[in-house]
Amino acid sequence: MDDFDRKILKVLQTDSGLSNAELAARIGLSPSPCLRRVKALERAGVIAGYAAKVNREAVGLSVSAFVEVQLERQTHGATEAFLAAVDKLPQVVACYLMTGSLDFLLQVVAPDLAAYGDFITHRMLKLPGVKDVRSSFVLKEVKQPGGLPLDHIG
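Computed from a prediction, not measured in an experiment: that's the story for all the values here. Residue indices follow the written sequence of each chain, beginning from 1 at its first position. Per-residue local features are limited, in this predicted model, to residues with pLDDT of at least 70; the limit for side-chain atom pairs, both in listing and counting, is 80 or more; totals at the level of whole chains, interfaces and linings are taken over all residues. Each side-chain value is derived from all of the structure's non-hydrogen atoms; neither hydrogens nor water enter the calculation.

Undergrad: Lay out the overall build of the protein chain in plain terms, naming residues and giving numbers.
TA: Note on conventions: DSSP H or I runs of at least 4 residues are helices, E runs of at least 2 residues are strands, and numbering of each starts at the N terminus. Scanning the protein chain for helices and strands turns up five helices and four strands. Along the chain direction, N to C, the helices and strands of the protein chain fall in the order α-α-α-β-α-β-β-α-β. Radius of gyration here uses only the C-alpha atoms, and the compact-globule reference equals 2.2 Å multiplied by the residue count raised to the power 0.38. Here the C-alpha atoms of the protein chain give a radius of gyration of 20 Å, more than 25% beyond the 15 Å that 2.2 N^0.38 yields for 154 residues. With respect to the three principal axes, the spread of C-alpha positions in the protein chain is 55 × 35 × 25 Å. Relative accessible area decides the class of each residue, using a 1.4 Å probe on protein chains only: under 20% of the type maximum gives buried, over 50% gives exposed, and in between gives partly exposed. Looking at the protein chain residue by residue over its 154 residues, the buried ones come to 30%. Whether two residues are in contact is decided by their heavy atoms, any of which lying within 4.5 Å being enough. In the protein chain, the share of contacts with a sequence separation of at least 24, taken over all contacts with a separation of at least 6, comes to 63%. Total accessible area computed for the protein chain in this model is approximately 10000 Å², and 55% of it derives from carbon and sulfur atoms. Shrake-Rupley sampling with a 1.4 Å probe provides the accessible areas, and residues are treated as covered by the protein chains on show and by no other component.

Below, the structure is given as C-alpha cells:
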C-alpha cells in the first residue's frame, strides 16, 4: 500500500459517492490508474463496501443506547445462539464481543424510550442465554464513527 492507496482510502471514507473522475482529481491521479487501484483495494478486501451515512434522528430514531449483556454461560453454543438471535434484530446497529465483566456490548437505536423499553423487555431479555442487561443512554454524540486512521500504513 502506497501514498496513493492511502489517499484513496482517506477520501472514500469521507465521501464514497464520488465519481472515479472526482476521486482521481482529488488524489492527483488520472482516472484509469485510480480506478485500477480502487478495484485492487476492493479485491483485496481493504474496501469492504460502500454505504450512505444516515442521520438517525432525521429518520425518527432519537434514542441511542449502549447495552451491556452478560450471558448465563459463555460456551461456544450459547455464544453462537446469542449472536444468531442478535443478528436478526434491526435495532442492534453494532455488536462487540468483549473481555472483562460483560460478554457483549451492543449499540441499540429506537424511536423513543417507550419503544426502547419494549425492545429490552420483549426482545433482549428473551434472547437465548441472557443473564443480565444494562443500558447506558447517549445524551449527545460528540464524535460519530468515521474513517479509520491510516498514517501507520507503509
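After that view of the structure, there is still more to cover.
Undergrad: Describe the nonpolar core, naming the residues involved and giving the relevant values.
TA: Residues grouped as a nonpolar core are buried Ala, Val, Leu, Ile, Met, Phe, Trp, Tyr and Cys residues, joined through side-chain atoms within 4.5 Å. Counting residues in hydrophobic clusters, the biggest one holds 21 residues, and the most contacted among them are Val69, Phe82, Leu106, Tyr116, Met124 and Leu127. Contributing elements (two or more residues each) for this core: strand E1 (63–71), helix H4 (76–86), strand E3 (104–110), helix H5 (113–122) and strand E4 (130–137). Element by element, the count of residues in this core is highest for E1, at five residues. Listed in part, the 14 residues of the second largest apolar core include Ala24, Leu29, Val38 and Ile47.

Undergrad: Help me get a handle on H4, residues and values and all.
TA: Buried within H4 are the following residues: Ala78, Thr79, Phe82, Ala85 and Val86. On an axial view of H4, the arc spanned by its buried residues comes to 130°, and they lie on one face. Elements that come into contact with the buried residues of H4 comprise E1, strand E2 (92–97), E3 and E4. Arc, as used here, means the arc of the directions from the helix axis to the C-beta atoms.

Undergrad: Outline the environment of Ile27, listing residues and values.
TA: Within the element layout of this structure, Ile27 appears in helix H2 (residues 20–27). A relative accessible area of 4% means that Ile27 is categorised as buried. It is 8.1 Å that separates the C-alpha atoms of Ile27 and Val11, two residues lying 16 residues apart in sequence. In this structure, Ile27 is in contact with Phe4, Lys7, Ile8, Val11 and Cys34, ignoring residues within four places of it in sequence.

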